[in-house]
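# Chains, contacts and geometry: an overview
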Amino acid sequence: MTHPLVEELRRQERQIKEGGGTQAAQRQHAKGRLTARERIAKLIDSPDAFFELGLWAAWGMYEEWGGAPSAGVLTGIGTICGRRVMVIANDATVKAGAFFPMTCKKVLRAQRIALMNRLPLVYLVDSAGVFLPLQEEVFPDEDDFGRIFRNNAVLSARGIPQLAAIMGNCVAGGGYLPVLCDKLLMTEGSGLYLAGPALVKAAIGQTVSHEELGGAQMHAAISGTIDFREANDEACIERLRRLIATLPEDSHHVDVHLPNQPKGPLDRFVPSENERWREYDVRELIADILDDGPFDEYKAEYGQSLVCGYGRMGGAAVGVVANQHCRIKLANGALQYGGVIYVDSANKAARFVMDCNQSRVPILFLQDVNGFMVGRESEQAGIIRAGAKLVNTIANSVVPKITLILGGSFGAGNYALCGKAFDPRFIFAWPCARYAVMGGEQAASTLLEITISALKRSGHEPDAAELLQLRKKIEDSYNEKMDIRYGAARLWVDKIVMPEETRQALLLALDVAKRYDDGRPFCTGVLQV
């Protein structure tokens, strides 16, 4: 039986994939154009050859402007003529493909993944440019609109192929993206110009037609800006496929054709609706995700709240660092709790990460972490020192890192197990995952104390009923923001992965991540010992 939360997310994903809705898709068709999803479907080799990333971007955001499903742009890894390619496609059914702040962030993340993994990029351009009511959040900063074009230039200099197809609007500063690519295609009826006819009339008083200003024929025959002029979307996509087929063939290091389903139902590791935590031995989950064969656990009897070891995925070697999910009785009789990082486990994991880098073995992080152990004994034993060592080794790691958040991802535990800030090649999450600086109960208590102090300073003494109402309001707000959909909307994760899709997603991510090793030597800064 499917978990209710998984069912809910699947329903919401279907809704997100409708983009701007049926009427907007019909308007696109009336112009003789395909929708973004239809274009991708024709571009890729088979219906299952597109691994979408950032689907939940902007979920629940920009409601005052009618929303922006999937941030108005589709991104993902497509297999085209047997080559893996990063696809970035504007969705013109959402505000004419205009760029919201999260649209920029999503495109930048896709470019970063392509850069780290040496993936060729294909841009399917159909955008009205910056969403003007939010222009100040889109235009000027280092992680805004202009960074996309800077990345185009850097990717080109690194020798990473980029192909662009203008299949609709491409106006203002957005015109630089396709022109900075290696190959540029354009369909009849599309427009490429810095300013449209109305703006040209207002700016310099010149009356000019759409075609004279920036039509496909003008750019093919007069300005010489485009390389290929195509009659329609279908012809453009056929040409794109032929051009992609000229790229070097992928050399696969991971056999993605091995069984891509987990060996057992992973739902059994997902807490029920009434559970906050489900206790289990994480070695069972690791065994279900990895290939058949032994898992060589590293320092198995030491630092047991983190399980580290070597196994294989798709035949390729991989190191695993995973939070244990059960209570641990130590040899001295002391008790440790799953999901907590202790001094011994932090020291073990730091050394294991160093060893993986020494052997150039990619690392898979399985997060369900409440944070580091606190208290007098832990502080005196050097928990901050051990945590700093782990953070240092992960920050300086040169091997591919892939992170999967199974449950909690709280506080410094997020950092120490390769959260988004520590450059994982990919970061995925299960539907039950939660993101926050601390757990809900602790946070609610802290925030309640702050709120009560502020009320008292203003001369108001809240009664018991008001305190109860305040606590509920704070808890509801905090829990809403811990929901992984909130994090996915802000691109803190690349993809929400359903449990049964876990092995398939990790196989593909590992295959892509192992494409390229820049040969950098592994070294750390000063380690606290």
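Check the entry above for the structure.
My aim in this report is to walk through the structure given alongside it, one point at a time. (Residues numbered from 1 in each chain as written. Predicted model: local features only at pLDDT ≥ 70, side-chain atom pairs only at ≥ 80, totals over all residues. Heavy atoms only, no water.)

## Some remarks on the packing of aromatic side chains
Ring pairs (aromatic) are described by centroid distance and by the angle formed between their planes. Scanning the model with the defined rule gives 15 aromatic pairs in all. When the centroid spacing of 5.9 Å and the interplanar angle of 80 degrees are considered together, the rings of phenylalanine 51 and phenylalanine 428 count as edge-to-face. Here the residue phenylalanine 51 occupies a position in strand β1 (residues 50-53), and phenylalanine 428 occupies one in strand β18 (residues 426-429), the gap between them amounting to 377 residues. For phenylalanine 428, a relative accessible area of 1% puts it in the buried group. (Phe/Tyr/Trp six-rings, centres within 6.5 Å; stacked < 30°, edge-to-face > 60°. Helix = DSSP H or I, 4+ residues; strand = E, 2+ residues; numbered from the N terminus. Buried < 20%, exposed > 50% of the residue type's maximum accessible area, 1.4 Å probe, protein only.)

## A look at helix α1 (residues 4-16)
With 13 residues, α1 should cover 18 Å at 1.5 Å per step; its first-to-last C-alpha distance of 19 Å lies within 8% of that length. Buried within α1 we find Val6, Leu9, Gln12, Glu13 and Ile16. On an axial view of α1, the arc spanned by its buried residues comes to 130 degrees, and they lie on one face. For α1, the exposed residues set more than 90 degrees away from the buried face come down to Arg14 and Gln15. Looking at the buried side of α1, the elements it contacts are α19 (484-489) and β20 (495-496). (Expected span 1.5 Å × (residues − 1). Arc of directions from axis to C-beta. Contact = heavy atoms within 4.5 Å.)

## Examining a nonpolar patch on the surface
A cluster of nonpolar side chains, contributed by Tyr176, Leu180 and Leu194, occupies part of the molecular surface with about 300 Å² of accessible area. Along the chain, tyrosine 176 falls in helix α7 (residues 176-179). (Patch = residues over 30% accessible without salt bridge, like charges linked within 9 Å, V, L, I, M, F, W, Y side chains within 5 Å. Areas by Shrake-Rupley, 256 points an atom, 1.4 Å probe, with all protein chains shown as cover. Salt bridge = Lys/Arg side-chain N within 4 Å of Asp/Glu carboxyl O.)

## A look at empty space enclosed by the protein
Counted by the stated rule, this structure contains 3 cavities of 30 Å³ or more. In this structure, the largest cavity spans a volume of roughly 150 Å³. In this structure, the largest cavity is lined by 16 residues; those nearest its centre are Asn90, Phe99, Val125, Ser127 and Leu177. Where the lining of the largest cavity is concerned, the elements lending two or more residues are β3 (83-90), β4 (121-127), α6 (145-157) and β5 (162-171). Top element by residues in the lining of the largest cavity is β4. It accounts for 4 residues. Residues belonging to the lining of the largest cavity are distributed by class as follows: 12 nonpolar, 4 polar and no charged. What the second largest cavity holds in volume is close to 60 Å³. As for the second largest cavity, its lining consists of Leu53, Gly54, Thr75, Met86, Lys106, Arg109, Ala110, Ile113, Leu491 and Asp494. A per-element tally of the lining of the second largest cavity places helix α4 (residues 101-117) first, with 4 residues. (1 Å grid on protein atoms, 1.4 Å probe; cavity = no way out; pocket = protein on both sides within 12 Å on 5 of 7 lines; lining within 4 Å. Points joined across faces, edges and corners; volume = space filled by probe spheres on them. Nonpolar A, V, L, I, M, F, W, Y, C, P; charged D, E, K, R; others polar.)

## Observations concerning the state of the cysteines
Applying the stated criterion across every chain, the model contains 0 disulfides. Sulfur of cysteine 308: no disulfide; nearest cysteine sulfur belongs to cysteine 356 and is 8.2 Å away. For cysteine 308, a relative accessible area of 0% gives the class buried. There is no disulfide at cysteine 326, and the cysteine sulfur nearest it, in cysteine 308, is 15 Å away. (Disulfide = S-S within 2.5 Å.)

## Describing the side chain of arginine 485
On the secondary structure map, arginine 485 appears in helix α19. Residue classification places arginine 485 among the buried residues on the basis of a relative accessible area of 8%. In contact with arginine 485, not counting residues within four places along its chain, are Leu5, Glu8, Leu9, Gln12, Trp56, Trp59 and Ile496.

## Describing the layout of surface pockets
Within this model, the second largest pocket holds a volume of roughly 1,100 Å³. Every element with two or more residues in the lining of the second largest pocket is listed here: α1, α3 (36-43), β1, β2 (73-80), β20 and α20 (502-513).

## Here we look at the environment of phenylalanine 269
Following the sequence through the fold, phenylalanine 269 ends up in the loop between α11 (233-244) and α12 (282-289). Dropping the residues within four chain positions of it, phenylalanine 269 is found in contact with Arg278, Tyr280, Glu284, Leu285, Asp288 and Trp430.

## Re the packing of α3 against α11
For the pair α3 and α11, the least separation of the axes is 9 Å and the interaxial angle reads 45 degrees. Between α3 and α11, the angle falls in the class oblique. Handedness of the α3/α11 crossing: right-handed. Counting all contacts with α3, which are made through Arg39, Lys42 and Leu43, the residues of α11 involved are Asp233, Glu234, Ile237, Leu240, Arg241 and Ile244. Residue classes in the contact of α3 with α11 are distributed as 4 nonpolar, no polar and 5 charged. (Axes fitted to C-alpha atoms, helices over the stretch in contact; angles between N-to-C directions. Parallel < 35°, antiparallel > 145°, perpendicular 65-115°, else oblique. Left-handed = near helix turned anticlockwise from the far one by under 90°.)

## A look at the pattern of salt bridges
Summed over the entire model, instances satisfying the criterion amount to 24 salt bridges. In this structure, aspartate 494 engages arginine 109 in a salt bridge whose closest nitrogen and oxygen atoms are separated by 2.8 Å. Residue aspartate 494 is found in the loop between α19 and β20, and its partner arginine 109 is found in helix α4; the two are separated by 385 residues along the sequence. One salt bridge in this structure joins arginine 485 and aspartate 483, with 2.8 Å as the shortest N-O distance. For aspartate 483, a relative accessible area of 23% gives the class partly exposed. By sharing partners, the salt bridges in this structure join Glu8, Asp483 and Arg485 into a single network.

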